Amino acid sequence: MAAPTRVFAFRDARWAPDPVLEPGAAVRSPQPAPLVIDNGSFQTRAGWACPDPAVPAEPLLRFRSLAARSRGARGGAGAETQVGNDLGSPEPLRWLLRSPFDRNGCVDHPIVLTEAVCNPLYSRQMMSELLFECYQVPKVSYGVDSLYSFYHNRRQNWPCSGLVISSGYQCTHILPVLEGRLDAKNCKRINLGGCQAAVYLQRLLQLKYPGHFAAITLSRMEEILHEHSYVAQDYIEELQKWRCPDYYENNVHKMQLPFSNKLLGSTVASEEKQEKRQQQLRRLQELNARRREEKLQLDQERLDRLLYVQELLEDGQMDQFHKALVELNMDSAEELQSYINKLSLSVEQTKQKILQSEVNIEVDVVDSKPETPDLDALGSEQSLEDVESINEFEPLFAEEQPEVEKPVAAVQPVFNLAEYHQLFLGTERIRAPEIVFQPSLIGEDQAGIAETMQYVLERYSKEQQAILVQNVFLTGGNTMYPGLKARIQKELLEMRPFQSSFQVSLASSPVLDAWYGARDWAVEYMNREEGWISRKDYDEKGGEYLKEHCASNVYVPIRLPKQAPRAAEAPSRASGTGNPSEQT
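Each value, and the rule that gives it
Residue indices begin from 1 for each chain and proceed along its sequence in written order. With pLDDT at 70 or above as the cut-off, local features in this predicted model cover only qualifying residues; side-chain atom pairs require 80 or more to be listed or tallied, and sums for whole chains, interfaces and linings still use all residues. To obtain the side-chain values, all non-hydrogen atoms of the structure were included, while hydrogens and water were left out. Angles here are taken between N-to-C directions and fall from 0 to 180 degrees, while the axes themselves are lines fitted to C-alpha atoms, restricted in helices to the stretch in contact. Helix and strand labels come from DSSP, where a helix needs a run of H or I of at least four residues and a strand needs a run of E of at least two; each type is numbered from the N terminus. Small angles under 35 degrees read as roughly parallel and large ones over 145 as roughly antiparallel, with 65 to 115 read as roughly perpendicular and the rest as oblique. A contact between two residues is defined here by any heavy atoms of the two lying within 4.5 Å. Residues are grouped as follows: Ala, Val, Leu, Ile, Met, Phe, Trp, Tyr, Cys and Pro are nonpolar; Asp, Glu, Lys and Arg are charged; every other residue, Gly included, is polar. With a 1.4 Å probe rolled over the protein chains alone, any residue whose accessible area is under 20% of its type maximum counts as buried; one over 50% counts as exposed, and the rest are partly exposed. DSSP-based pairing: two strands are paired if at least 2 bridges between them are found. Two aromatic rings, drawn from Phe, Tyr or Trp (for Trp, its six-membered ring), form a pair once their centres lie within 6.5 Å of each other, and the interplanar angle then sorts them: stacked below 30 degrees, edge-to-face above 60, tilted otherwise. Geometrically, a charge over a ring is one whose NZ (Lys) or CZ (Arg) sits within 6 Å of the ring centre while staying within 35 degrees of the ring normal. What we call a nonpolar core is a set of buried Ala, Val, Leu, Ile, Met, Phe, Trp, Tyr and Cys residues that are connected through their side-chain atoms within 4.5 Å. Only protein atoms enter the 1 Å grid used here, on which a cavity is any set of points holding a 1.4 Å probe that cannot leave and a pocket is any open set flanked by protein within 12 Å on both sides along at least five of seven lines; residues with an atom within 4 Å of a point are listed as lining. Grid points are joined across faces, edges and corners, and a volume is the space filled by probe spheres set on the points.

Contact pair helix H2 (residues 145–152) / helix H17 (residues 513–524): the axes reach a minimum separation of 7 Å and the direction vectors enclose 70°. By the angle class used here, H2 and H17 are roughly perpendicular. Taken together, the residues of H17 that come into contact with H2 (itself represented by Asp145, Tyr148, Ser149, Tyr151 and His152) are Asp513, Ala514, Tyr516, Gly517, Ala518, Asp520, Trp521 and Glu524. Broken down by class, the residue content of the contact of H2 with H17 amounts to six nonpolar, three polar and four charged.

This is the structure in structure tokens:
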């Protein structure tokens, strides 16, 4: 039985600008509701954390975390910056936080914002400065997106422990959580994610289909990763399956690139081509003739003027003659005669060209096809030798005669144009996602998820390891590949002791659970001080200050070395005591 044809078309969806959303009365009373912003590496999501059923419990704004700045706008208006969906297409910003706040310069709502794991203090300081100094927010809370997702999907009493595997667009994190708090000292990061997988897939297909190099874009590769790729439970065994022709035919996905049905060959008859060429030639000849006539008219008028001045000299009207020479910017009668001779020669040459062009046009109109002499009409006036001589010249005439055009049929393509513009996805479906397990496929000298997970577990005691593996949690957009959960279970089965137990779970919504978890936390801790940084804390402790909570980073303040007081150093310098080697 033949396998069904698996041909998929690229959507190539264009983004629509985000609407301007006016906050309702439910998010303002009885107190301002927190605004939750999930600042992801692939997509940014923003919405309200309000227990009121009238407010949607989902992000109202979603846009790609992309920025584009034009070199200069038309009319000298200066450069323009666009963000996210305002771009129209990612293949060409307002600030990331500016789009929801364009209508009001002051934001009187608390802000819940996600940040990276072990975010540098300088980055947090710049963000706090922007929020407090520019937007005048009353308070802000920072948290880790994967920990918010872990908080939203908790399946037992909180606080709980577990091993969070978060794979996003730019990197992958292995985060151990003990008793509801992040163990930042044993966190590990792998610098591979969905972006590197898309670039790797693009290179594979561009090498496979060099004729479609420009059509294989990163946006289309991301679409293939999201909808047509999967993770093999055993990579080598899966590659062996793809070597079977029947398995290849049953599982290959064909991606249809856009193409045009217009044929490359021309179906226009040569008679029509010749007619168009004759029309173009005739128009060109008419244009040249018109220009020659205009030039002849101008030269003739100037020649008549010069001849009139010369007649003044011959009639003896010297005053008028000298006055006319001054108007013509000439000095003597010899110069006048020289100009008259040159103009006369130019007028004659132009007339000859006009006559010659008219003759050429007449010749073109007359049919140049020589006719074969009518032998019957010659009668007795023509001898047999004359007829034979005419027959000898007939092949020469035939070479000059245009051949009779045959009806030209439509050119049929020698291959299927639609099939030529198809990308066949075979092993590429598993090779791109495999880089997070085997970074060596793209030449990266890093450990994969399995090796990093084992390295993190070995830093704990056996009792703690048993607790962590009982709740291995997968989150992030790069964990949505079919088969990823089974692959993690296989890797854990190989590294864990015999007859040991473990449990792997996938987030209910790997992409949105970070925002949902942040909303849950904001609603629960809305009226508490835990986890919130107020304006007073910002003024007293600086922009890098962080109040810890169950889904936040660990705050490590900057410790500067203490300097000796200068008042104590002054008497010692005055008495001259000190190290002799330092004295001059």
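On we go.
What follows deals with the pairing of strand E3 (residues 43–48). Of all six residues in E3, five are buried, a share of seventy percent or more. Where strand E2 (residues 35–39) and E3 come together, five bridges link them in antiparallel fashion. Among the inter-strand pairings, Asn39 is bridged to a residue of E3, identified as Thr44. The antiparallel pairing of E2 with E3 creates a hairpin that spans three residues between the two strands. Sheet topology places E3 next to strand E4 (residues 61–64); four bridges connect them, and they run antiparallel. Pairing of Ala46 across the sheet is with Leu61, part of E4.

Moving on to the packing of aromatic side chains. Here a ring pair, both rings aromatic, is described through the centre-centre distance and the interplanar angle of the planes. Counted by the stated rule, this structure contains nine aromatic pairs. Ring geometry for Trp242 against Tyr247: centres 5.3 Å apart, planes inclined by 85°, an arrangement best described as edge-to-face. A relative accessible area of 23% means that Tyr247 is categorised as partly exposed. Here Tyr545 and Tyr555 contribute two aromatic rings whose centre-to-centre distance is 5.4 Å and whose plane-to-plane angle is 80°, an arrangement assigned as edge-to-face. Linking Tyr545 in the loop between helix H18 (535–541) and helix H19 (566–575) with Tyr555 in the loop between H18 and H19, this pair joins segments that are ten residues apart in sequence. In textbook terms, an aromatic cluster arises when at least three aromatic residues are bridged by ring pairs, as seen for Trp242, Tyr247 and Tyr248. Just above the ring of Trp532 sits the side chain of Lys139; from NZ or CZ to the centre is 4.7 Å.

Moving on to helix H4 (residues 218–228). Turning to H4, its buried residues number three or more, namely Arg220, Met221, Glu222, Glu223, Ile224, Leu225 and His228. Buried residues belonging to H4 abut strand E1 (7–9), E4, helix H3 (194–208), strand E13 (253–256), strand E14 (422–425) and helix H13 (428–431).

Two numbers describe how H3 lies on H4: the axes approach to 9 Å, and their chain directions differ by 110°. The orientation of H3 with respect to H4, classified from their angle, is roughly perpendicular. Counting all contacts with H3, which are made through Gly194, Ala197, Ala198, Val199, Leu201, Gln202 and Leu205, the residues of H4 involved are Leu218, Met221, Glu222, Ile224 and Leu225. Along the lines of polarity and charge, the residues of the contact of H3 with H4 split into nine nonpolar, two polar and one charged.

With that out of the way, let us pick up the environment of Trp158. Relative to the helices and strands, Trp158 is located in the loop between H2 and strand E9 (162–167). For the pair formed by Trp158 and Cys550, sequence separation is 392 residues and the distance between their alpha carbons is 9.6 Å. Those residues in contact with Trp158 that sit more than four places away from it in its chain are Phe150, Tyr151, Gly180 and Cys550.

If you look at the biggest cluster of nonpolar residues, it comprises 44 residues, and the most contacted ones within it are Ile165, Leu205, Ile224, Leu423, Ile449, Met453 and Ile488. Elements with a contribution of two residues or more to this core: E9, H3, H4, E14, helix H14 (449–457), helix H15 (462–469), strand E15 (472–475) and helix H16 (484–495). With six residues, H3 is the single largest residue contributor to this core. Met453 has contacts with Leu163, Ile165, Ile174, Ile488, Leu492 and Met495, leaving out every residue within four places of it along the chain.

It is worth spelling out empty space enclosed by the protein at this point. One number sums up the size of the largest cavity: a volume of about 30 Å³. Along the walls of the largest cavity sit Ser167, Val231, Pro433, Val436, Phe437, Ile449, Asn478, Tyr481 and Leu484, which together make up its complete lining. Residues of the lining of the largest cavity, tallied by class, amount to seven nonpolar, two polar and no charged.

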